Amino acid sequence: MSTISLITLNGNRTQLPETSLARLTGSLHGQLLTADSPDFDQARSVWNAMIDRKPALIARCADSDDVIRAVQFAGEHRALVAVRGGGHNIAGSAACDGGLVIDLSQMRGVRIDPRARTAAVEAGATLADFDREAQAFGLATPLGINSTTGVAGLTLGGGFGWISRKHGLTIDNLRGADVVTADGRLRRASADENQDLFWGLRGGGGNLGVVTSFAFDLHEVGPQVLSGLIVHPFEAAASVLRRYRDFATGMPEELNVWFVMRHAPPLPFLPPEVHGKLIVLLAACHVGDVASGEKLLAPLRSFGKPIADVIQPHPYAGWQQAFDPLLTPGARNYWKSHNFKSLSDEALDALIRCTGKLPTPQSEIFVARVGGAINRVPADATAYPHRDTEFIMNVHTRWERAVDDERCTAWARACFGEMAPYATGGVYVNFIPEDEDRVRAAYGGNFERLTRLKAELDPGNLFRQNQNVRPRPGGRG
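Residues numbered from 1 in each chain as written. Predicted model: local features only at pLDDT ≥ 70, side-chain atom pairs only at ≥ 80, totals over all residues. Heavy atoms only, no water.

Chemist: An account of the overall build of the protein is requested, with residue identities and associated values reported.
Modeler: Along the protein, the regular secondary structure elements total 14 helices and 21 strands. For 477 residues, the compact-globule estimate of 2.2 N^0.38 gives 23 Å, and the protein sits close to it at 22 Å. Within the protein, buried positions represent 59% of all 477 residues. Sequence separation of at least 24 residues holds for 72% of the intrachain contacts in the protein that already meet a minimum separation of 6. Here the protein displays about 18000 Å² of accessible surface, and carbon together with sulfur accounts for 50% of that area. Taken together, the 50 basic and 52 acidic charged side chains of the protein have centroids lying 3 Å from each other. (Helix = DSSP H or I, 4+ residues; strand = E, 2+ residues; numbered from the N terminus. Rg over C-alpha atoms; globule rule 2.2 N^0.38 Å. Buried < 20%, exposed > 50% of the residue type's maximum accessible area, 1.4 Å probe, protein only. Contact = heavy atoms within 4.5 Å. Areas by Shrake-Rupley, 256 points an atom, 1.4 Å probe, with all protein chains shown as cover. Lys, Arg positive; Asp, Glu negative; His and termini not counted. Charge placed at Lys NZ, Arg CZ, Asp CG, Glu CD.)

Next up, the structure:
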């Protein structure tokens, strides 16, 4: 193995001798990849194609011991570190230039205890891995809406999806976690052990260490859920969104409906003449008796003149993958996001205006209905603070060519600015893009406590390749 030049935390380069690399290689049960490794380029790639970074080393970990070795190596050499779970974070935090990537993607084990209704999930598992195992027993925990997302990154940012109104955020169902902190120690965090660390892991992102496994509570869900889409023409957006807003504000927690505005993809249930035209999608999921769900959704389904209505019973795990074809890796992506307590007529009209200027056929604006069980948790009970949010908007800009970067990001920023007067000022940390410094907005009143915890557990800011909370004793500055 040749000598490797490694970027350190202060931005300098250090030459690692062969003996140091050989020692790390020999200590791992997994692999140490360099630029000469056959699958290096595949291992360094992440979901967002705007991020194209080339680390010096990738430690492909097989177990917690490998993670400990990698963290100790990084600490010893003061190496720039990135941690990869699913590699899905919009900011590209799973990769770094010239540093060390601690790659957890091979650690994908999921173990279900159907009697206790708990799951033990390794940090490289995806939502699809988790759902597949849990649904074998008719169980689930709240996760996101794209099955290729990593469980670790989703959880550490908070995590919300179709069943969160009924069962809370992903972190509200977290019983405990095993985490390697910056000192190279493996710690257990739960309500009974390392309680401050447990508080910070629930929403604090990757700032406090490398989680190697999670323990979750599970709930009876499915295996069939009433779910699907109602598709309306964009010309009806003003009336459809007002009807949606009024319906969603009063719907029971076992039901969730989001809306999406975009150009119609070539879905088989849409007439060919609609393909490529602007549409409004209402996406619904009901957890419970199908007949009850049919009754609850009847007012929304009877409104207007939809192009299509394909709400019917689906396997829950299948519904969790319904949007995967629109979120495949390899495209360039840029997001801007706001939280809302309500959606006024003026806010809805602004969203419609923004949608009329979508820069590419793949771009979209979606608004998720949250609230319910999420908001019954006190704002200071977890690092995630936004317990008064009722709707979350994500302006999802997606395109193929680098030449379109400026045009597409400019549209997203303009839409973000137009929606700002109606928003709370808060933001979901997993939706913060690389060029945006809204970490204080992500943590609100919990920011200072998180900075103190960071100063205690990672005073040198080893774990900085993330939506970073800098260590500041006393939480000031």
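Okay, back to it.
Chemist: Account for the pairing of strand S4 (residues 57-60), with residues named and values stated.
Modeler: Looking down a regular strand, the side chains alternate between one sheet face and the other. Residues Leu57 and Ala59 line one face of S4 and the alternating positions Ile58 and Arg60 line the opposite face, and both faces are buried. In this sheet, S4 lies alongside strand S3 (residues 31-33) in antiparallel orientation, the contact comprising three bridges. Considered in S4, the bridge of Leu33 is made with Ile58. Bridging between S4 and strand S6 (residues 100-103) involves four bridges; their strand directions are parallel. Of the residues in S6, the one forming a bridge with Arg60 is Asp103. (Pairing = 2+ DSSP bridges.)

Chemist: Explain the environment of Glu193 to me, using residue names and the numbers behind them.
Modeler: Here Glu193 shows up in the loop between strand S11 (186-190) and helix H7 (195-201). Between the C-alpha atoms of Glu193 and Leu270, which are 77 residues apart in sequence, the distance is 53 Å.

Chemist: So what's going on with unusual backbone geometry? Which residues, and what values?
Modeler: The linkage connecting Gly222 with the following residue, Pro223, adopts the cis geometry, with an omega of 10°. Structurally, Pro223 is set in the loop between strand S13 (219-220) and strand S14 (224-233). Within the chain, Arg117 stands out as a residue other than glycine whose phi angle is a positive 55°. If you trace the backbone, Arg117 turns up in the loop between strand S7 (110-113) and strand S8 (118-122). Positive phi values are uncommon outside glycine, yet Asn461 reaches one of about 55°. With respect to the secondary-structure elements, Asn461 resides in the segment after helix H14 (447-457).

Chemist: Tell me about the packing of helix H1 (residues 18-27) against helix H3 (residues 64-77), residues and numbers included.
Modeler: Closest axis-to-axis distance for the H1/H3 pair is 10 Å, and the angle between their directions is 160°. Comparing the axis directions of H1 and H3 gives the class roughly antiparallel. The hand of the H1/H3 crossing is right-handed. Here H1 contributes Ser20, Leu21, Arg23, Leu24 and Ser27 to the contact with H3, which in turn contributes Asp65, Asp66, Arg69, Phe73, Glu76 and His77. For the contact of H1 with H3, a count of residues per class yields three nonpolar, three polar and five charged. (Axes fitted to C-alpha atoms, helices over the stretch in contact; angles between N-to-C directions. Parallel < 35°, antiparallel > 145°, perpendicular 65-115°, else oblique. Left-handed = near helix turned anticlockwise from the far one by under 90°. Nonpolar A, V, L, I, M, F, W, Y, C, P; charged D, E, K, R; others polar.)

Chemist: Pulling in residues and values, what's your account of the environment of Val179?
Modeler: Looking at the element boundaries, Val179 is found in strand S10 (residues 174-180). Judged by its relative accessible area of 0%, Val179 falls in the buried class. Sequence-wise, Val179 and Leu208 are 29 residues apart; in three dimensions their C-alpha atoms are separated by 8.5 Å. Once residues lying within four places of it in the same chain are set aside, the contact partners of Val179 are Arg185, Leu186, Arg187, Leu197, Leu201, Gly209, Val210 and Val211.

Chemist: Break down the pattern of salt bridges for me, citing the residues and quoting the values.
Modeler: Following the criterion strictly, the structure yields 32 salt bridges and no others. Glu436 serves as the salt-bridge partner of Arg438, at 3.3 Å between the closest nitrogen and oxygen. Taken individually, Arg438 and Glu436 each receive the classification buried, so the pair is uniform in this respect. A cluster of three or more residues bridged by salt bridges with shared partners is formed by Arg242, Arg245, Asp246, Asp345 and Asp349. (Salt bridge = Lys/Arg side-chain N within 4 Å of Asp/Glu carboxyl O.)

Chemist: Can you break down helix H12 (residues 405-419) residue by residue, with the values?
Modeler: The end-to-end C-alpha distance of H12, which contains 15 residues, comes to 21 Å, matching closely the 21 Å that a straight helix rising 1.5 Å per residue would cover. Looking at H12, one finds that the buried residues are Asp405, Cys408, Thr409, Trp411, Ala412, Cys415, Phe416 and Met419. One face of H12 carries all of its buried residues, which in axial projection span an arc of 150°. If you follow the buried residues of H12, they end up packed against strand S19 (332-340), helix H11 (345-355), strand S20 (364-369) and strand S21 (391-399). (Expected span 1.5 Å × (residues − 1). Arc of directions from axis to C-beta.)

Chemist: Account for the sheet that holds S4, naming residues and giving values.
Modeler: Taken in spatial order, the four strands line up as S3-S4-S6-S5 in an open sheet, and their pairing is mixed. Each end of this open sheet is capped by a strand with a single partner; those strands are S3 and strand S5 (81-84). Strand-to-strand twist in this sheet, taken as the mean axis angle between neighbours without regard to direction, amounts to 20°. Summarising the sheet, S5 and S6 pair through four bridges and their orientation is parallel. Each bridged residue has a counterpart across the sheet, and for Val83 the counterpart in S6 is Ile102. Against the sheet, H3 touches S4, S5 and S6, its axis set at about 165° to S6.

Chemist: How would you explain the pairing of S19 if you had to name every residue and give the values?
Modeler: Buried residues dominate S19, accounting for nine of its nine residues. The pairing of S19 with S21 spans nine bridges and is classified as antiparallel. Bridge pairing in S21 links Ser337 to Asn394.

Chemist: Summarise the sheet that holds S10; cite the residues concerned and give the values.
Modeler: With antiparallel pairing, five strands are arranged side by side in an open sheet as S7-S8-S12-S10-S11. Single-partner strands in this sheet number two, and they are S7 and S11. On average, each strand axis in the sheet is inclined to that of its neighbour by 15°, with strand direction left out of account. Taken strand by strand, H3 contacts S10, S11 and strand S12 (210-217), and its axis lies near 145° from that of S12.

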